[in-house]
Amino acid sequence: MSGPAADAPVVELRRFSKWYGDVVAVADLSFELLPGVTGLLGPNGAGKTTTLKAICGLLHPSQGEVLLFGRPIQHDPMLYRAIGVVPDGDRLYPRLTVRSYVRLHAELQGLADAGAAADRAIAEVDMGPLADRRLKGLSKGERQRTKVAGAIVHQPSLLVLDEPMTGMDPGQRARFIELVRLIGSAGVTVLVSSHILAEVERLASQILVLVSGRLAASGDYHAIRDLMADQPRTVMVKVDDARRLAAGLIALPSTVSVELDGDALRARTRSVESFATALPRLARDQGATLREVRTTDESLEQVFRYLVSRR
Amino acid sequence: MSKSLRLLRFSLGQLLAGRRLVIVVVLVALPLVLPAVFASGADVDPATFTLDLFRQLVLPVLLPVVALTFSTSSLGSELRDGTVTNLLLKPIPRPAVLGAKYLAAVLASLLVLLPAEVVGHVVAARGLGSTDLLAGMLLATVVGTVAYCALGVLLSLLMARALLVGLAYALLWEGAVVSVAPSASSLSIRGYTEGVLAAVLHGGGLGLDTRLGPVSATVLAAVVTVAALALAVRRLERMDIP
């Protein structure tokens, strides 16, 4: 393998477009990635997975170029020595154990001591106690962590993660975020996709926002978040006495509107943070029991669309 | 161990994992060995019996079914369930990945077919019997497996129902069309295997009339195999992986 070009960006997309028949998945996308963690944020169907697959060489651009270390990956499979990928979906061999799956990755990377590399990667994702369990018996979060171990077993200089925290519990997420930040701080270029704003906030300082296949915003997370903060977000709350809680919520200064929907209510707020702080207090004061609280994807999509409209 | 060899070993293990191997072995061995057991006690010429069994059961049914089953699932099942990304996102050229998957299908098929044929032959002949017949059957099986597997791998890259289409080719085209239009045997893998079998048997005194001569059969089998693999490589290199 000839070494990566020293001055080339790790990843460079030049007017990359991908379409399937009449359907445009990604249009005219250009950006560069340098070492550190970058979040790829966007609602479902925004083109995140298409973009990541093109970067990994699984999809051919319909137009434009995708370069890794200055070269198109389709012409140079040896570039995969420097790349680790956690793709979307399950994509595991159910009969293999965690150890044999990660070891397979190490061996196909051509590592001299595949067993030791596999054990190290398994330990990094906290899967040591489950190393000899078959993959088909693991939870979704455990399988995700196994995929991550397979992706980092050869210590790549580019790590591509497509919705990696799907199925992980809060504790696993916290440890995973810590691991990704550690990898990023060691000089590895990490690109991680998510449709959850709070997830990306904890992972990455730089973000790319994709909406409907186009780059809606890019740069420092906090600057983009300030833009997003201008727009109301919708929070869905399931509670045993929605009507009484709604009366309390509408009195909050950040609340724009509240709609009742059976045992649930939908509140539009200018500040999810202040809403999240006030909600438990209100519920406690009124003796109400909260059953579910979540921001809706649709509202996030509205925020993304707002970003597009500002460009 | 090289990466390609590791991939071949892994792919072979995947094909033969679990109960699949037991099921395929039983399905192949029973129709070959059981008639041979009964024939060995009857007043029939073992060589003629074995040759008939091979031409009427192995070549038209067992060989294509086994080879197409393994070859369409070798790469095709990984494409369908997405696990192929574990292999393609590695520093291994795609032609080498395809080659390992193809060889795994060939080896798995031969691992099932050849022992069953040998056992059936030995039981029917109550001993080694005609070595020319045995050599002809084994060589024809190898040639047929190599060609059917190339076709199966190609079909699995082109369509979702590759096994169905492959079996339709083997059972309908080769079984029905070729029997009423013998000139179509130049487009029949079964025709090539019979040509190879006839070439070996001719030297051993067992006559077998086939439309294709040994040279034509061998050349055509090689051309079909190489062409199918070349098209499969081209397809794998150009396709988007879901």
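Note that this is a predicted model, so its numbers are computed, not measured.

1. What about the confidence of the model for chain A?
Should pLDDT be low for a region, the predicted coordinates there are not to be read in detail.
(1) Moving on: Confidence in the prediction of chain A, expressed as mean pLDDT, is 88, and 92% of residues score 70 or more.
(2) Moving on: Ranking the elements of chain A by mean pLDDT puts helix 10 (residues 297-310) of chain A last, at 62, and helix 2 (residues 98-108) of chain A first, at 97.

2. Notes on the environment of G167 of chain A
Residue and element names in this part refer to chain A.
(1) Moving on: Within the secondary structure layout, G167 lies in the loop between strand 7 (158-162) and helix 5 (170-185).
(2) Moving on: When the C-alpha atoms of G167 and A117 are compared, they prove to be 25 Å apart, with 50 residues separating the residues in sequence.
(3) Moving on: Those residues in contact with G167 that sit more than four places away from it in its chain are S139, K140, G141 and Q144.

3. Things to note about the nonpolar core
(1) Moving on: With 153 residues, the main nonpolar core has V160 of chain A together with V66 and A150 of chain B as its most contacted residues.
(2) Moving on: Not counting chain neighbours up to four residues away, the residues in contact with V160 of chain A comprise L52, I55, C56, I83, V85 and L191 of chain A.
(3) Moving on: Counting residues in each nonpolar core, the second largest holds twelve residues, with V237, V239, L249 and A267 of chain A among its members.

4. Here we look at the sheet that holds strand 2 (residues 23-33) of chain A
Residues and elements named next belong to chain A.
(1) Moving on: Strand order in the open sheet formed by four strands is 2-1-4-5, with antiparallel pairing between adjacent strands. In the strand order of this sheet, the two ends are held by strand 2 and strand 5 (71-72), each with one partner.
(2) Moving on: For strand 4 (residues 63-68) and strand 5, the ladder comprises two bridges, and the chain directions are antiparallel. Bridging from a neighbouring strand, L67 pairs with P72 of strand 5.

5. Description of helix 9 (residues 272-286) of chain A
Residue and element names in this part refer to chain A.
(1) Moving on: End to end, helix 9 covers 21 Å across 15 residues, agreeing with the expected 21 Å (1.5 Å per residue, within 8%).
(2) Moving on: The axis of helix 9 is deflected most strongly, by about 25°, at A278, and proline P280 appears within four residues downstream.
(3) Moving on: Burial in helix 9 covers these residues: F275, L279 and A283.
(4) Moving on: G287 sits one or two residues past helix 9 and shows a positive phi near 70°.

6. Digging into the packing of helix 3 (residues 46-74) of chain B against helix 7 (residues 131-158) of chain B
All names here are of chain B.
(1) Moving on: Two elements in contact, helix 3 and helix 7, have axes whose closest approach is 8 Å; the angle formed by their N-to-C orientations is 25°. One element, helix 3, and the other, helix 7, form an angle in the roughly parallel class. In this structure, helix 3 crosses over helix 7, and the sense of that crossing is right-handed. Contacts between helix 3 and helix 7 involve A47, T50, L51, F54, L59, L63, P64, A67, L68, S71, T72 and S74 from the first element and L133, M137, T141, G144, T145, Y148, C149, G152, V153, L155 and S156 from the second.
(2) Moving on: In the contact of helix 3 with helix 7, the residues fall into 14 nonpolar, nine polar and no charged.

7. A short note on the interface of chain B and chain A
(1) Moving on: Across the contact, 18 residues belong to chain B and 20 residues belong to chain A.
(2) Moving on: Only helix 1 (3-15) and helix 5 (85-88) of chain B provide two or more residues apiece to the side of chain B that touches chain A.
(3) Moving on: If you tally residues by element for the side of chain B that touches chain A, the top one is helix 1 of chain B, at four residues.
(4) Moving on: Among the residues making up the side of chain B that touches chain A, the classes are represented as nine nonpolar, five polar and four charged.

8. Details of the pairing of strand 14 (residues 290-295) of chain A
Looking along a regular strand, one sees the side chains alternate between the two faces of the sheet.
Residue and element names in this part refer to chain A.
(1) Moving on: Burial analysis of strand 14 places just zero of its six residues in the buried class, a small minority of the element.
(2) Moving on: Pairing analysis gives five bridges linking strand 11 (residues 233-239) to strand 14, with the strands arranged antiparallel. In the sheet register, K238 faces strand 14, and the bridge partner there is E292.

9. Considerations on the pairing of strand 13 (residues 264-269) of chain A
Residue and element names in this part refer to chain A.
(1) Moving on: Going residue by residue along strand 13, you find L265, A267 and T269 tucked away on one face and A264, R266 and R268 left uncovered on the opposite face.
(2) Moving on: The sheet contact formed by strand 11 and strand 13 spans six bridges and is antiparallel. Directly across from R233, in strand 13, lies its bridge partner T269.
(3) Moving on: Note that strand 12 (residues 255-261) and strand 13 share six bridges and pair antiparallel. Within the sheet, the bridge partner assigned to D261 lies in strand 13 and is A264.

10. Here we look at the domain arrangement of chain A
(1) Moving on: Domain boundaries assigned for chain A yield domain 1 (11-227) and domain 2 (231-310).
(2) Moving on: Centre-to-centre separation of domain 1 of chain A and domain 2 of chain A, based on C-alpha positions: 32 Å.

Reading the values: the criteria
- Residues numbered from 1 in each chain as written.
- Chains lettered and ligands numbered in written order.
- Predicted model: local features only at pLDDT ≥ 70, side-chain atom pairs only at ≥ 80, totals over all residues.
- pLDDT = per-residue confidence, 0-100.
- Helix = DSSP H or I, 4+ residues; strand = E, 2+ residues; numbered from the N terminus.
- Contact = placed C-beta atoms within 7 Å.
- Core = buried A, V, L, I, M, F, W, Y, C linked by C-beta atoms within 7 Å.
- Buried ≥ 20, exposed ≤ 12 C-beta atoms within 10 Å, placed from the backbone.
- Pairing = 2+ DSSP bridges.
- Expected span 1.5 Å × (residues − 1).
- Bend = angle between axes of the 7 residues up to and from the residue.
- Axes fitted to C-alpha atoms, helices over the stretch in contact; angles between N-to-C directions.
- Parallel < 35°, antiparallel > 145°, perpendicular 65-115°, else oblique.
- Left-handed = near helix turned anticlockwise from the far one by under 90°.
- Nonpolar A, V, L, I, M, F, W, Y, C, P; charged D, E, K, R; others polar.
- Domains from an automatic or database assignment.

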